[in-house]
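# Close look at the chain arrangement
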Amino acid sequence: MGQTLLQKVWDLHTVRRLPTGQTQLFIGLHLVHEVTSPQAFDALRQRGWRVARPDRTFATVDHIVPTTERRRPFLDVVAEDMIASLERNCREFGLRLAGIDDDRQGIVHVIGPELGLTQPGMTIACGDSHTSTHGAFGSVAFGIGTSQVRDVLASQCLALEPLKVRRITVTGPLPAGVYAKDVILAIIHRLGVRGGTGFAYEYAGDTIARMSMDERMTICNMSIEGGARVGYVNPDETTFAYLKGRPFAPAGEAFERATAWWRLVASDADAVYDDEVVIRAEELSPIVTWGVNPGQSIAVDERVPSPTDAGEEPQAVEDALHYMQLTPGSPIAGLKVDVAFIGSCTNARLSDLREAARVVKGRHVAPHVKALVVPGSAAIGQAAEREGLAETFRDAGFEWRGAGCSMCLGMNPDKLQGDQVCAASSNRNFKGRQGSPTGRTLLMSPAMVAAAAIAGEVVDVRELV
Ligand code: SF4
């Protein structure tokens, strides 16, 4: 019987089965950032331990870095302390760091692939939920908490529960104005935000096969929002072409050898899955979230549900509508937005910026909207400058920022104020996620955010391009 990629990678990295039923898994790459690592390093220091595999550990700064004024020391003493701790820890433990002034700096899930650190068949861990992004390369990638960051630093291993595999097959062409973000929002809406609990999601089908690596990363990034700890795409020619020539990817003959092995880790044609779901891409429209989790979404031309027709617990729907100040049955199109945010590890790659720039070119941001573009990495920012995308955004009235997590989570100066409504290309619309306890987030594709910035309200991007 054939095996899935998850089973193959899991077996290859198994150190031993634990009496608890968990597996002790070797971790091929540990990505570290400033927020979830300080206590983990302190724990090592207290016990006199070293980092087990500095050669398999790479750090950067993203969550708390300001995206405007980056001179040190930062005005925010907590942020300054976190960055200084990471710098000190990397020096003391001999780890590679893409720091604030490094050309390789950026959001951890953007720079891992960009540098070629992320490779097929690997196990990857990082102290951030959206580590599932790296699964786009056919790796098995887990978001972990601070105590597990300590465990991986100390032992390069993790104790994990085995996962079932659900294959999600996406078929057919993507209609104009519909993007990878809409596909994953549709998947989460259909299967629910807890539907993936206990599963790894394998994304397959001709739609996924045609997607670029950037698009696959958007899909895998949000697996965790559907409850799946892991999401992956089987590696193929698109994956290998992306990796070739990247700084940390194998080079020359080693690349050919690696490619031969990477092909073998893909799921076998006769692999057996614990569950199968099919999504028809041609039936999708641009999607917008109306509620307080990424599953509470509708097509842009639909109306906000009422508590009894949303297919969810009525009380939860009522609560979400109340928080979002929305009336059941009202159209989502036309809802005024105060802020437009193009950024995050979901949708701040070069191709995302290109699509958004196509929408804003020759137009201007509505007077009442604060609009910002935050590239996912310094390298993407530089490439966007070279291509003239940054100029397009600036001319249209967007603020052009330095790389970081920015308004995805409000752990830095970029925050919503009061109950502002934000059209966001990020991945979470939880209450207070963007830094204001009453801020309201509408998740959508970067092109839809760009369209909302121009119109000053939620609008169907298909009307603009
Ligand atoms: S952009 Fe958002 S989701 Fe991604 S790593 Fe930063 S805070 Fe986490």
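Please refer to the structure higher up on the page.
My aim in this report is to walk through the structure given alongside it, one point at a time. All figures in this text were calculated on a predicted structure; none of them were measured in a lab.

How each quantity is defined
- Residues numbered from 1 in each chain as written.
- Predicted model: local features only at pLDDT ≥ 70, side-chain atom pairs only at ≥ 80, totals over all residues.
- Heavy atoms only, no water.
- Helix = DSSP H or I, 4+ residues; strand = E, 2+ residues; numbered from the N terminus.
- Buried < 20%, exposed > 50% of the residue type's maximum accessible area, 1.4 Å probe, protein only.
- Patch = residues over 30% accessible without salt bridge, like charges linked within 9 Å, V, L, I, M, F, W, Y side chains within 5 Å.
- Areas by Shrake-Rupley, 256 points an atom, 1.4 Å probe, with all protein chains shown as cover.
- Salt bridge = Lys/Arg side-chain N within 4 Å of Asp/Glu carboxyl O.
- Phe/Tyr/Trp six-rings, centres within 6.5 Å; stacked < 30°, edge-to-face > 60°.
- Lys NZ or Arg CZ within 6 Å of the ring centre and 35° of its normal.
- Near = heavy atom within 4 Å.
- Nonpolar A, V, L, I, M, F, W, Y, C, P; charged D, E, K, R; others polar.
- Pairing = 2+ DSSP bridges.
- Core = buried A, V, L, I, M, F, W, Y, C linked by side-chain atoms within 4.5 Å.
- Contact = heavy atoms within 4.5 Å.

## Let's talk about unusual backbone geometry
- A cis amide bond links Arg-72 to the next residue, Pro-73, at an omega of -10°.
- With respect to the helices, strands and loops of the structure, Pro-73 is situated in the loop between strand S4 (57–60) and helix H3 (77–93).
- In this structure, Ser-344 takes a positive phi of about 90° despite not being glycine.
- Tracing the chain through its elements places Ser-344 in the loop between strand S15 (339–342) and helix H12 (350–360).
- The class of Ser-344 is buried, set by a relative accessible area of 1%.
- Positioned with a positive phi, Ser-406 is a non-glycine residue whose angle comes to about 50°.
- As for its position among the elements, Ser-406 is in the loop between strand S17 (399–400) and strand S18 (421–424).
- The class for Ser-406 is buried, based on a relative accessible area of 0%.

## A short note on a nonpolar patch on the surface
- On the surface, Leu-12, Trp-261 and Leu-264 cluster together into a nonpolar patch covering about 330 Å² of accessible area.
- On the secondary structure map, Leu-264 appears in helix H10 (residues 253–265).

## Description of the packing of aromatic side chains
- In this structure the tally under the stated criterion is 9 aromatic pairs.
- For the pair Trp-10 and Phe-142, a centre-to-centre distance of 6.3 Å together with 70° between the ring planes defines the contact as edge-to-face. Taken together, the residues Trp-10 in helix H1 (residues 5–13) and Phe-142 in strand S7 (residues 140–143) connect sequence positions 132 residues apart.
- With a relative accessible area of 7%, Trp-10 lands in the buried category.
- Members of the aromatic cluster, joined through ring pairs, are Phe-240, Phe-255 and Trp-262.
- Across the ring face of Trp-49, the terminal group of Arg-47 is positioned such that the distance to the ring centre comes to 5.3 Å.
- One Lys or Arg, Arg-166, reaches over the ring of Phe-199 and ends 4.1 Å from the middle of that ring.

## Some points on the pattern of salt bridges
- Scanning the model with the defined rule gives 27 salt bridges in all.
- Taking the shortest distance from any N to any O, the salt bridge between Asp-102 and Arg-104 comes out at 3.0 Å.
- The residue Glu-399 makes a salt bridge to Arg-401 at a minimum N-O spacing of 2.5 Å.
- The exposure class assigned to Glu-399 is partly exposed, which follows from its relative accessible area of 29%.

## A few points about the site of the ligand
- The local shell around the ligand consists of His-63, Ile-107, His-109, Asp-128, His-130, Ser-344, Cys-345, Cys-405, Cys-408, Leu-409, Asn-427 and Arg-433.
- Of the residues contributing to the shell around the ligand, the split by class is 5 nonpolar, 5 polar and 2 charged.

## As for the sheet that holds strand S19 (residues 440–443)
- On the basis of which strands lie adjacent, the open sheet formed by 5 strands has the order S17-S16-S15-S18-S19 and parallel pairing. Looking at strand neighbours, the two that pair on one side only are S17 and S19, the edges of this open sheet.
- Two strands pair when backbone bridges link them, and S18 and S19 are joined in this way by 4 bridges, in the parallel orientation. Residue Cys-422 lies in a different strand from S19, and its bridge partner there is Thr-441.

## Some details on the nonpolar core
- Membership of the largest hydrophobic core comes to 58 residues, with the highest contact counts inside it found for Trp-290, Ile-342, Leu-353, Phe-393 and Phe-398.
- Among the secondary structure elements, those contributing two or more residues to this core are helix H11 (314–324), S15, H12, strand S16 (370–373), helix H13 (378–387), helix H14 (389–395), S18 and helix H15 (446–455).
- Non-local contacts of Phe-398, meaning those with residues more than four positions away in its chain, are made with Ile-342, Val-360, Val-365, Ala-371, Leu-372, Val-373, Phe-393, Ala-450 and Ala-453.
- Counting residues in each nonpolar core, the second largest holds 42 residues, with Val-32, Ile-144, Ala-200 and Ala-271 among its members.

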